[in-house]
Amino acid sequence: MYKILDKVELNKDVDLMVIEAPLVAKNTKPGNFVIIRVDNMGERIPLTIVESDANSITIISQKIGYSTKMLGKKNIGDSLEDVVGPLGVPAHIKPVETLVAVAGGVGAAPLYPQVKAYFDQGTKIDLIIGASNKEHLILIDKFKDIVENIYICTDDGSMGEKGFVTKVLERLLNEKSYELAIAIGPLIMMKNVVNLNKNYKLKTDVSLNPIMIDGTGMCGNCRVSIGGKTFFACVDGPDFPGEEIDFDELMERQKYYKHEEHICNLMLGEKK
Amino acid sequence: MIERTKMPELEAEIRSHNFEEVALGFNIKQVKIEASRCLDCKNPRCVTACPVNIDIPRFIKLILEDKYEDAYCTIYQDNILPAVCGRVCPQEKQCEGACVLGIKYESISIGALERFLGDYSLKNNFLKNEIIEENNNKVAIIGSGPAGLACAASIRRMGYHVDVYEALHEFGGVLKYGIPEFRLPKTIVDTEIYRLENLGIKFYKNVIIGKTLTIEQLFNEYNYKAIFIGSGAGLPSSLGIKGENLNGVYYANEFLTRVNLMKANNFPHSNTPVKIGETVAVVGGGNVAMDAARTAKRLGAKKVYVVYRRNMESLPARLEEIHHAIEEGIEFRLLLNPVEIIGEAYEIKKVRCQVMVLGDKDASGRQKPVPTDNYEEFDIDNLIIAIGQSPNPIIKKSTPDLKVDDWGRIVVNDYQTSIPGVFAGGDIVTGAATVILAMGAGKEAAIRMDKYIKTL
């Protein structure tokens with residue numbers, strides 16, 4: 001069993017948890033993820049490792065589906081049924097001097113370890129971080145220590161600029177130049193950031209989070225079309241260059257079990 | 001000559017709507033009658049044809065003498081999973097295929113007898129107390145599938161401390177994620193594995209060698225003297241045609257894992273869903289294709305087609321599975337090769353197949369399918385790709401010195417890989433094959449590991 005050592009509610013929908021998993025922690029690198037099962041009837045769900053020390057890993061999850069809501073019900077001292085990892089290919093931290101990083105919603109969590117790795121090698125970073133509203137902005141304080149400039153925007157204007165991250169990004173791209181961009185957030189956001197950057201001949205790395213089961217390349221559920229070729233996000237990714245990803249296909253694949261998710265959520269109502 | 005005893009089975013109409021075991025097993029009376037048919041040959045061809053060389057005539061004789069426990073122990077010595085193998089071995093190609101009786105009459109139902117003894121021992125809790133003399137050397141087994149389990153048992157009996165590492169959250173490998181409940185009940189797999197724990201073997205779940213720990217770490221930090229890789233054929237082969245990533249298209253591995261390992265047939269009680277429409281096509285002709293087709297039927301599909309590019313006689317699946325599939329109303333659409341999956345709004349609508357004819361014999365001795373200019377299209381809600389698996393590349397990727405061939409199979413010389421002290425066997429070496437061949441390899445590898453450690 002994998003004990004929850006700490007839990008911080010970042011906002012009403014997002015929790016940070018520190019989980020005891022020494023074997024996973026030991027080989028973890030930025031960009032790696034774990035697959036967890038909350039209980040013995042649980043789904044296997046992938047979550048990025050935000051930080052790790054000798055004994056534990058930190059994960060951040062948004063209580064958006066049944067399994068993440070079940071995870072959110074767990075408290076300090078409780079245990080998770082299964083935690084396996086570190087999975088995926090570690091992020092390829094490129095030797096660039098300037099970087100623009102774009103975070104959308106809870107995507108700030110998987111973005112953090114990568115931005116930190118760029119900071120550690122001396123890259124100058126501008127961060128654009130967006131969310132639906134002020135409450136849903138996460139990790140701002142942690143990011144402040146490692147980036148040059150931070151640009152905040154919210155859909156409702158409750159903090160920072162009102163509007164999407166792409167609005168701020170476009171302005172920045174007109175003002176200055178970057179060697180590389182990373183964008184992590186909802187698929188539609190990553191798609192729009194990649195398309196915008198293409199106009200400025202700026203390459204964008206993204207991190208994908210499709211439905212997975214085993215996470216070892218065995219089932220093929222997480223396949224993604226890139227430049228007409230099929231890749232498995234679990235073993236070939238989760239990070240990919242964004243330019244040739246078929247985001248539309250991926251968004252449809254992500255929705256395949258929407259109805260079943262709804263059935264599970266109804267069950268959650270009964271459990272209350 | 002007494003006729004071969006027929007295995008009692010659940011009625012096709014009933015069983016095609018549930019996940020209960022299809023073959024019900026012999027009762028004692030049937031076991032006795034079947035055992036009495038054995039000619040007790042001087043040169044038992046069945047033993048040679050068995051990949052783990054079980055002393056078949058001996059266990060049959062013991063059955064006739066009412067010595068069920070001894071009969072079970074006779075099998076257990078060579079095969080630690082009799083209740084599993086009695087169910088899933090392709091006996092018609094092995095022991096039963098070699099049985100002399102089969103020349104003029106019908107062969108002995110050896111698989112059914114093995115299964116009976118396996119089940120009887122689990123039910124009556126026969127447990128031979130094996131005395132193991134500890135030698136204080138440690139070995140690691142990667143993968144808890146058939147190859148790993150067989151290797152673990154064999155080398156444990158030689159006195160080694162044995163740790164088995166499994167990537168998934170349950171033990172058994174393909175016995176858990178691949179083979180469906182209606183063919184191999186999971187409680188049986190668990191009970192047979194539990195017996196190995198009693199033998200003193202230690203099992204660790206959620207450890208992916210190549211990710212959680214590397215081969216190098218196993219040697220340097222954990223001080224294992226030798227390592228066995230039995231990580232199986234866990235990489236699905238793709239058709240390589242347009243439309244494979246449409247919604248509604250599954251690789252058999254995903255579809256079966258959702259149902260077998262994650263128990264999606266009990267959704268939402270079990271939280272992992274699976275989605276099957278009215279009309280399902282399964283591409284392929286092996287056991288996995290049969291398992292996928294029959295599982296789709298049980299999940300409520302009205303029409304299930306097996307789409308295969310050769311003819312009925314060339315189907316590589318176990319004979320019994322093909323019979324069961326036909327009885328359950330699975331339709332075979334033969335001499336068809338899918339060339340495109342057609343969809344609308346990223347969702348599957350139909351499949352387009354090229355009509356094939358049979359040509360000259362190929363290396364496998366079967367007639368080669370040759371494409372024609374004719375095509376057929378039909379509407380489907382799901383397509384399940386079951387055309388094979390290749391070895392899982394995770395260990396190779398983290399172990400540059402480990403030699404593999406062009407198909408990703410680990411290259412071995414007498415079970416020894418290119419890294420001293422690292423041995424391998426089963427599907428990771430041969431490509432996808434059978435449970436019992438993997439077990440045979442695990443068993444043999446254990447002997448080589450022991451020999452290797454003694455030279456250190």
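Residues numbered from 1 in each chain as written. Chains lettered and ligands numbered in written order. Predicted model: local features only at pLDDT ≥ 70, side-chain atom pairs only at ≥ 80, totals over all residues.

1. Some thoughts on the packing of helix α4 (residues 56-64) of chain B against helix α5 (residues 68-78) of chain B
Residue and element names in this part refer to chain B.
Part 1 of the argument: Packing of α4 against α5 brings their axes to within 8 Å, and their N-to-C directions diverge by 170°. Considered as vectors, α4 and α5 are oriented roughly antiparallel to each other. Residues Arg-58, Phe-59, Leu-62 and Ile-63 of α4 lie in contact with α5, whose contacting residues are Tyr-68, Asp-70, Ala-71, Thr-74 and Ile-75.
Part 2 of the argument: Here the contact of α4 with α5 is built from residues that sort into six nonpolar, one polar and two charged. (Axes fitted to C-alpha atoms, helices over the stretch in contact; angles between N-to-C directions. Helix = DSSP H or I, 4+ residues; strand = E, 2+ residues; numbered from the N terminus. Parallel < 35°, antiparallel > 145°, perpendicular 65-115°, else oblique. Contact = placed C-beta atoms within 7 Å. Nonpolar A, V, L, I, M, F, W, Y, C, P; charged D, E, K, R; others polar.)

2. Looking at unusual backbone geometry
Part 1 of the argument: A cis amide bond links Gly-85 of chain A to the next residue, Pro-86 of chain A, at an omega of -5°.
Part 2 of the argument: Relative to the elements of secondary structure, Pro-86 of chain A occurs in strand β7 (residues 82-87).
Part 3 of the argument: Of the consecutive residues Phe-267 of chain B and Pro-268 of chain B, the connecting peptide bond is found in the cis state with omega at 5°.
Part 4 of the argument: You can see Pro-268 of chain B is positioned in the loop between α14 (252-260) and β7 (279-283).
Part 5 of the argument: With phi around 55°, Asn-206 of chain B is a residue other than glycine that occupies positive phi space.
Part 6 of the argument: For Asn-206 of chain B, the position within the fold is in the loop between β3 (202-204) and α13 (215-220).
Part 7 of the argument: Even without being glycine, Lys-263 of chain B reaches a positive phi, approximately 60°.

3. Observations concerning the confidence of the model for chain B
Part 1 of the argument: Chain-level pLDDT for chain B is 94 on average; 100% of the residues reach the 70-or-more range.
Part 2 of the argument: Scored by ipTM, the complex comes to 0.94, with pTM at 0.94. (pLDDT = per-residue confidence, 0-100.)

4. Looking at the sheet that holds strand β3 (residues 33-37) of chain A
Residues and elements named next belong to chain A.
Part 1 of the argument: Read from one edge to the other, the open sheet built from seven strands follows the order β6-β1-β2-β5-β4-β3-β7, with strand pairing classed as antiparallel. Unpaired on one side and paired on the other, β6 (79-80) and β7 mark the two borders of the sheet.
Part 2 of the argument: Pairing of β3 with strand β4 (residues 45-52) involves four bridges; the strand directions are antiparallel. Note on β4: the bridge partner recorded for Ile-36 is Ile-45.
Part 3 of the argument: Contacting β4 and β5 (56-62), helix α3 (residues 108-120) runs over the sheet at an angle of about 40° to β4. (Pairing = 2+ DSSP bridges.)

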